[in-house]
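A structural walkthrough
Chain by chain, the residues run as shown.
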Protein chains: 2
Amino acid sequence: MGLSIHSDEHFMKEALKQAMMAKEEGEIPVGAVVVADNRIIARAYNQTERLNDPTAHAEMLALTAAGNYLGTKYLSDCSLYVTLEPCGMCAGALYWAQLGKLIYAAADEKRGYTVINPAMIHPKTKVIRGPYAEEAGLLVTDFFKGLRG
Amino acid sequence: MGLSIHSDEHFMKEALKQAMMAKEEGEIPVGAVVVADNRIIARAYNQTERLNDPTAHAEMLALTAAGNYLGTKYLSDCSLYVTLEPCGMCAGALYWAQLGKLIYAAADEKRGYTVINPAMIHPKTKVIRGPYAEEAGLLVTDFFKGLRG
């Protein structure tokens, strides 16, 4: 149990590092990692501005990379760690991937999938509110404050 | 008015051609085109199997291609023609793109976004039930019958 909690913190920290990379590139700072067998198999950060692509959210890029790595579109044995609650698009993608476990840090009270429909996620996906919610949330709010300031 | 109706049929026929290409490759037969200034700027069909990527729906690939072509992630002046009602993932992506007009042929009563939450689409997006609903729907139901048969 103690080990499992430690692991969640470790992996969310890695997702936060990805979010920091997004921040450095002027992107909304959200990061994600996909874990299989206690190993990171994909890392990604939001790149919607750089790629001029509204689909290039951290979760989407991480899903695509993980599917590519594993040679399957199903991620039933994987966990996705993401710094911000997935939006409807990303939750829809996680549904199709039949993701095993979703761990997200900060809630997104405006665009999070739970606002749209909490049942969007696959019924087999275990959803956990992960560590570092405050840090991950501050990254995003500070980013938007900076834009307005 | 007559011209506009003609155009919808023309563009949906092009989306159906894309769906046929998906069918030939053993993919769930869904196709999409993006139109700007009465011209097709992106064409795509579902490639989830080939790419081992649950995000590779026709709409997603078409959005990415259109954003790339226009050099913007916003498709407010574009219309997307798709043979099947978008799922939650795709509707979420269309939201972020602030799509101008969505025209879909067949309804998807199981996984369509209107089942999840009809308000997922951006409030500025005009939604139209387009032509060829029967043809587009039969393509998909015949595909699944073939899988089971």
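The structure presented is a predicted model; accordingly, all values stated were derived computationally and were not measured.

1. Structural notes on the sheet that holds strand 4 (residues 101-106) of chain A
Residue and element names in this part refer to chain A.
- Strand order in the open sheet formed by five strands is 2-1-3-4-5, and the pairing between neighbours is mixed. Strands at the two margins of the open sheet, each flanked by one partner only, are strand 2 (39-45) and strand 5 (126-129). Across the sheet, the mean angle from the axis of one strand to that of its neighbour is 15°, orientation sign disregarded.
- Summarising the sheet, strand 4 and strand 5 pair through four bridges and their orientation is parallel. Paired with Tyr104 across the bridge in strand 5 is Arg129.
- Against the sheet, helix 3 (residues 58-70) engages strand 1 (31-36), strand 2 and strand 3 (78-84), with an angle of about 140° to strand 2.

2. Section: the interface of chain B and chain A
- The partner chain A presents 27 residues to the 27 residues of chain B that form the contact.
- Carbon and sulfur atoms supply 63% of the area buried between chain B and chain A, which totals about 2,300 Å² over both sides.
- Our count for the chain B to chain A interface comes out at two salt bridges.
- Residue Lys73(A) pairs with Glu49(B) through a salt bridge whose shortest N-O separation is 2.9 Å.

3. Some points on the side chain of Asp53(A)
- As for its position among the elements, Asp53(A) is in the loop between helix 2 (48-51) and helix 3.
- Lacking a salt bridge, the buried Asp53(A) has Lys73(B) as its closest oppositely charged neighbour, with an N-O distance of 9.3 Å.
- With residues near it in sequence (within four places) discarded, Asp53(A) still touches Thr48(A), Thr64(B) and Lys73(B).

4. Here we look at the packing of helix 3 of chain A against helix 4 (residues 88-97) of chain A
All names here are of chain A.
- One way to put it is that helix 3 packs onto helix 4 with a least axis distance of 9 Å and a crossing angle of 20°. By the angle between their axes, helix 3 is roughly parallel relative to helix 4. Handedness of the helix 3/helix 4 crossing: left-handed. Within the contact between the two elements, helix 3 uses Glu59, Met60 and Leu63 and helix 4 uses Met89, Cys90, Ala93, Leu94 and Ala97.
- Classifying every residue of the contact of helix 3 with helix 4 by side-chain character gives seven nonpolar, no polar and one charged.

5. Describing the pairing of strand 1 (residues 31-36) of chain B
Residue and element names in this part refer to chain B.
- Most of strand 1 is tucked away, with six of its six residues classed as buried.
- Residues Gly31, Val33 and Val35 of strand 1 are buried on one face, and the alternating residues Ala32, Val34 and Ala36, pointing to the opposite face, are buried as well.
- As paired strands, strand 1 and strand 2 (residues 39-45) are joined by six bridges and run antiparallel to one another. What sits directly across from Val35, in strand 2, is Ile40.
- Between the end of strand 1 and the start of strand 2, which pair antiparallel, lie two residues, with Asp37 showing a positive phi angle near 50°.
- In the sheet, strand 1 pairs with strand 3 (residues 78-84) via five bridges, with the strands oriented antiparallel. Across the sheet, the residue bridging to Val34 is Leu80, located in strand 3.

6. Details of the relation of the copies chain B and chain A
- Each copy of the sequence occupies a distinct position, and chain B is placed on chain A by a rotation of 180° and an axial shift of 0.0 Å, giving an RMSD of 0.0 Å. Seen this way, the second copy is the image of the first under a two-fold rotation axis. When C-alpha distances to the rotation axis are compared across chain B, the minimum falls at Met89(B), with a value of 1.9 Å.

7. What about the UniProt feature "binding site: Zn(2+)" (unreviewed entry) in chain A?
- The residues that UniProt annotates with the feature "binding site: Zn(2+)" (unreviewed entry) are His57(A), Cys87(A) and Cys90(A). The named residues occupy 34 residues along the chain; their greatest pairwise C-alpha distance, 9.3 Å, places them in one compact cluster.
- Relative to the elements of secondary structure, His57(A) occurs in the loop between helix 2 and helix 3.
- By relative accessible area, which is 15% here, His57(A) ends up buried.
- Considering the arrangement of structural elements, one finds Cys87(A) in the loop between strand 3 and helix 4.
- Aside from chain neighbours lying at most four places away, what touches Cys87(A) is His57(A), Glu59(A), Arg111(A), Tyr113(A) and Trp96(B).

Conventions and cut-offs
What you see as residue numbers is a count from 1 along each chain, following the sequence as written. Think of it this way: whatever chain is written first is A, whatever ligand is written first is 1, and the rest follow in order. Residue-level local features of this predicted model are given only where pLDDT is at least 70; pairs of side-chain atoms are given and counted only at 80 or more, and the full residue set underlies all totals for whole chains, interfaces and linings. Side-chain figures throughout are based on the complete set of non-hydrogen atoms in the structure, without hydrogens or water. Two strands pair under a simple rule: DSSP has to find at least two bridges between them. Labels follow the DSSP assignment, with helices taken as runs of H or I lasting at least four residues and strands as runs of E lasting at least two, numbered in each case from the N terminus. Lines fitted to C-alpha atoms define the axes, with helix axes restricted to the stretch in contact, and inter-axis angles between N-to-C directions lie between 0 and 180 degrees. Note on contacts: a residue pair is in contact if any heavy atoms of the two residues lie within 4.5 Å. We define buried area as the total accessible area lost by two parts upon association, computed with a 1.4 Å probe and summed across both. What makes a salt bridge here is a side-chain nitrogen of Lys or Arg within 4 Å of a carboxyl oxygen of Asp or Glu, nothing more. Burial classes follow relative accessibility: with a 1.4 Å probe on protein chains only, a residue under 20% of its type's maximum area counts as buried, one over 50% as exposed, and anything between as partly exposed. Positive charges come from Lys and Arg alone, negative charges from Asp and Glu alone, with His and the N- and C-terminal ends not counted. Angular relationships are summarised with four words: roughly parallel below 35 degrees, roughly antiparallel beyond 145, roughly perpendicular across 65 to 115, and oblique for the angles in between. By convention, the crossing between two helices is left-handed when the near helix turns anticlockwise from the far helix through less than a right angle, and right-handed when the turn is clockwise. As a working rule, the residues Ala, Val, Leu, Ile, Met, Phe, Trp, Tyr, Cys and Pro are called nonpolar, Asp, Glu, Lys and Arg charged, and the rest polar, with Gly in that last group. Residues below a pLDDT of 70 in either copy are left out; the C-alpha atoms of the rest, at least 70 in both, set the least-squares superposition of the copies. UniProt positions are given in the numbering used here, feature names are shortened, and annotations may be inferred rather than shown by experiment.

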